[in-house]
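Fold and contact review
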Amino acid sequence: MAETSAFKLTYATMYDPPPELHTRFEEEVAKIRGNLGQEYSMLIDGKDVLAKDKFENRSPINTGNLLGIFQRANAEEASAAMESSQRAAKDWNRRPWQERVELVHKAADLIDERIFQFGAVIALEVGKNRMEALADAAEAADLMRYAAQQMEANDGFIFELGKDPLKGYDATNLSKLKPYGVWVVISPFNFPGALTGGPTGAALVAGNTVVMKPAEDTPWTSRLLAEAFRDAGFPDGVVNFVTGQGSVAGQALVDSPHTDGVTFTGSYDVGMKLYRDFAGGRYPRPIILEMGGKNPAIISRHADLDHAVSGLYRSAFGLQGQKCSAGSRIYIEEPVYDELLEKLVEVTKGLKVGDPTEQDTFMGPVVNQSAYENFKGFTEELSDAGTFLTGGKVLTEGDYGKGYFCQPTIAADVPTDHHLWQDEMFLPITMVHKVKNLDEAMQLANNVNFGLTAGFYGSEDEAKWFFENIEAGVTYANRPQGATTGAWPGFQPFGGWKASGSSGKSAGGHHYLQLYMHEQVNTIIR
């Protein structure tokens, strides 16, 4: 359950949970660790499906731990999932919206009931600390509920329009939002709960059938989601679950003639390739892309520095910086530069890096060998260009050497024309720069292709100026819970501008569910 008594688990509240959450999480971790290494099938047309090819899912905490064996689908198996979805769509998209909403609510309730199982798997599979792992699962359920609530609040998105001024006739005009058909959800490793369950729930509420294709690093969490949808009572073929390589299974799903819409969360390069590939179809179809960020935080000379430090370290180093919303650029006004950095460095040096299932761990491992090597490459570049105030190295002693552990790293004195001020690193690295005034900070903050999240610390008048001038979709001021991170459905809808997203609408907000439907106008004359 996501709530214990009056406690509501979100990314903002997770820093002070009741003791019961820790006890139940630890019990579930022990249970799951005692039963690792099983084989997991795909779910296609309501059936367990095995592929000829398999792949191992190993924990980034200790690569000697085999979490499970999963199926590596080929193009034919991906096609079978699409055909199943197309068959199911003929019935599903004609069912009353109230029935779809009820089933999505049931699936969300099952996630709540199984939240400690989800949290334990996410911690072991992704490397998230326990509270971030539990919050990922809780957010999946809340995103699904929010989509259902939006459908209910808008009475199925059926609206009566004006009557034509026809003498001797009575005209009725209705606007209806209707499903597209078959939707593909390609989700990332870093939020395998929320960023798989959220868009899948929205697509289902809208009346689409769905094929879920998770990242290769995190198939287990998405398998748990597929089980929740199955156990909630969704008809066979309405939700299909396919695992495998993005370049094979993912590409086959995008290229399928049965695909009516796609939601993709991942890198800019892969997202833009999918965007261009999808445009090569017979006609335009919707594609919802969330492609990362290079998120700035600006600290005014009037800031509450303790609030700023709290928000900065949480956003820079939560989930090891592997968030599209991570705070990777910090611009500090000159009068408070030294004092703020002294405080930030002290806190950062005190962060515990280790097994994320342990209660006092803040940072777990990065997700895989590729991220680990990228960290070494980027820190080598930064050591040549500037100085490290903290970190800069991988951890290899003792148990650290069994996984992919990196130090939380703050880099200073890097010239502002260096490419790492522009390029997303997706690692526990943040860069700091001293500015003379807020205008200089804003110019630097906006001088990137991305526009996902941004944070500010200063006076209320300065905060208004910040909101008016920053080019980002999710913006925060004076938030100790996270400078650039911590969005939650119904509170802070999440979506980006510029290279960060394709729709201009934010998940968990008023305008997102409609992306999964197109409009039909019905006119009848009596």
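Reading the values: the criteria
- Residues numbered from 1 in each chain as written.
- Predicted model: local features only at pLDDT ≥ 70, side-chain atom pairs only at ≥ 80, totals over all residues.
- Heavy atoms only, no water.
- Helix = DSSP H or I, 4+ residues; strand = E, 2+ residues; numbered from the N terminus.
- Rg over C-alpha atoms; globule rule 2.2 N^0.38 Å.
- Contact = heavy atoms within 4.5 Å.
- Areas by Shrake-Rupley, 256 points an atom, 1.4 Å probe, with all protein chains shown as cover.
- Lys, Arg positive; Asp, Glu negative; His and termini not counted.
- Charge placed at Lys NZ, Arg CZ, Asp CG, Glu CD.
- 1 Å grid on protein atoms, 1.4 Å probe; cavity = no way out; pocket = protein on both sides within 12 Å on 5 of 7 lines; lining within 4 Å.
- Points joined across faces, edges and corners; volume = space filled by probe spheres on them.
- Nonpolar A, V, L, I, M, F, W, Y, C, P; charged D, E, K, R; others polar.
- Core = buried A, V, L, I, M, F, W, Y, C linked by side-chain atoms within 4.5 Å.
- Buried < 20%, exposed > 50% of the residue type's maximum accessible area, 1.4 Å probe, protein only.
- Expected span 1.5 Å × (residues − 1).
- Axes fitted to C-alpha atoms, helices over the stretch in contact; angles between N-to-C directions.
- Parallel < 35°, antiparallel > 145°, perpendicular 65-115°, else oblique.
- Left-handed = near helix turned anticlockwise from the far one by under 90°.
- Salt bridge = Lys/Arg side-chain N within 4 Å of Asp/Glu carboxyl O.
- Pairing = 2+ DSSP bridges.
- Right-handed = clockwise from strand over helix to strand, strands pointing away.

Description of the overall build of the protein
Assigned secondary structure in the protein consists of 14 helices and 24 strands. For 526 residues, the compact-globule estimate of 2.2 N^0.38 gives 24 Å, and the protein sits close to it at 23 Å. Judged by the C-alpha coordinates and their principal axes, the protein covers about 75 × 60 × 50 Å. If you take every contact in the protein between residues at least 6 apart in sequence, the share linking residues at least 24 apart comes to 75%. Split by element, the accessible area of the protein, about 20800 Å² in all, is 48% carbon and sulfur. Counting 48 positive and 69 negative side-chain charges, the protein places the centres of these two groups 6 Å from one another.

Some details on empty space enclosed by the protein
Evaluated as defined, the whole model comprises four cavities of 30 Å³ or more. The volume enclosed by the largest cavity comes to roughly 540 Å³. Around the largest cavity sit 45 residues that line it, and Glu139, Leu143, Leu195, Phe494 and Ala507 are the ones nearest its centre. At the level of secondary structure, the elements contributing two or more residues to the lining of the largest cavity comprise α5 (130-153), α6 (194-206), β13 (261-265) and β14 (287-290). No other element matches α5, which puts six residues into the lining of the largest cavity. Its residues assigned to classes, the lining of the largest cavity comprises 22 nonpolar, 18 polar and five charged.

Focus: the layout of surface pockets
Looking at the largest pocket, its volume works out to about 1100 Å³. For the lining of the largest pocket, the secondary structure elements donating two or more residues are α8 (246-255), β13, α9 (268-278) and α12 (369-385). Take the lining of the largest pocket: its biggest share by element is five residues, from α9. Of the residues contributing to the lining of the largest pocket, the split by class is 20 nonpolar, 15 polar and eight charged.

Remarks on the nonpolar core
Soluble globular proteins tend to bury their nonpolar side chains together. With 139 residues, the main nonpolar core has Leu9, Phe234 and Ile299 as its most contacted residues. If you tally residues by element for this core, the top one is α5, at twelve residues. With 25 residues, the next largest nonpolar core counts Met42, Ala81, Phe278 and Ile287 among its residues.

Looking at helix α4 (residues 115-126)
Along its twelve residues, α4 runs 16 Å from first to last C-alpha, staying within 8% of the 16 Å computed at 1.5 Å per residue. When you tally the buried positions in α4, you get eleven out of twelve residues, the bulk of the element. The set of residues buried in α4 consists of Ile115, Phe116, Phe118, Gly119, Ala120, Val121, Ile122, Ala123, Leu124, Glu125 and Val126. Contacts from the buried residues of α4 go to α1 (19-33), β6 (54-58), β7 (66-71), α3 (97-113), α5 and α7 (219-232).

Some remarks on the packing of helix α13 (residues 438-446) against helix α14 (residues 460-469)
Two numbers describe how α13 lies on α14: the axes approach to 11 Å, and their chain directions differ by 30°. Comparing their axes, α14 and α13 come out roughly parallel. Crossing handedness for the pair α13 and α14: right-handed. In this structure, α13 uses Leu438, Asp439, Met442 and Asn446 to contact α14, whose residues at the interface are Glu462, Trp465, Phe466 and Asn469. Residues belonging to the contact of α13 with α14 are distributed by class as follows: four nonpolar, two polar and two charged.

Points about the pattern of salt bridges
On inspection of all chains with the given rule, the structure shows 30 salt bridges. The partner of Asp45 in a salt bridge is Arg87, with the nearest N and O atoms 3.6 Å apart. Of the two residues, Asp45 sits in the loop between β4 (42-44) and β5 (47-49) while Arg87 sits in helix α2 (residues 75-92), which places them 42 residues apart along the sequence. A salt bridge links Arg114 to Asp231; the shortest N-O distance between them is 2.9 Å. Here Arg114 is found in the loop between α3 and α4, whereas its partner Asp231 is found in helix α7, with 117 residues between them in sequence.

A few points about the side chain of Asp136
Relative to the helices and strands, Asp136 is located in helix α5. Exposure remark for Asp136: the relative accessible area of 0% places this residue in the buried category. Setting aside residues no more than four positions away along its own chain, Asp136 makes contact with Tyr11, Ile122, Lys128, Asn190, Phe191, Pro192, Gly193 and Ala194.

Focus: the sheet that holds β7
What the three strands build is an open sheet, ordered β3-β7-β6; its pairing is mixed. On the outer flanks of this sheet lie β3 (38-39) and β6, each paired with one strand and no other. As judged from the two bridges shared by β3 and β7, these two strands associate in the parallel manner. When the sheet's bridge partners are listed, Gln38 is paired in β7 with Gly68. Against the sheet, α7 contacts β6 and β7, and its axis sits at roughly 65° relative to β7.

Digging into the pairing of β14
Burial along β14 is two-sided: the residues Ile287 and Leu289 and Ile288 and Glu290 are all buried. As defined by bridge partners, β13 adjoins β14 across four bridges and the pair is classed as parallel. From the neighbouring strand, Phe264 faces β14, where its bridge partner is Leu289. Of the crossover connections in this fold, the one passing from β13 over α9 to the parallel β14 is right-handed.

Observations regarding the environment of Ala123
Checked against the element boundaries, Ala123 lands in helix α4. A sequence separation of 267 residues divides Ala123 from Thr390, and the C-alpha atoms of the two residues are 25 Å apart.

A few points about the sheet that holds strand β15 (residues 295-299)
Taking strand neighbours across the sheet as the criterion, the seven strands line up as β17-β18-β19-β16-β15-β21-β22 in an open arrangement whose pairing is mixed. The open sheet is flanked by β17 (387-390) and β22 (474-477), the only strands paired with a single partner. Averaged over all pairs of adjacent strands, the angle between their axes in this sheet comes to 20°, without regard to strand direction. Pairing geometry for strand β16 (residues 327-333) and strand β19 (residues 429-435), over five bridges, is parallel. From the neighbouring strand, Ile330 faces β19, where its bridge partner is Val432. Lying over the sheet, α14 contacts β15, β21 (453-457) and β22, oriented at roughly 170° with respect to β22.

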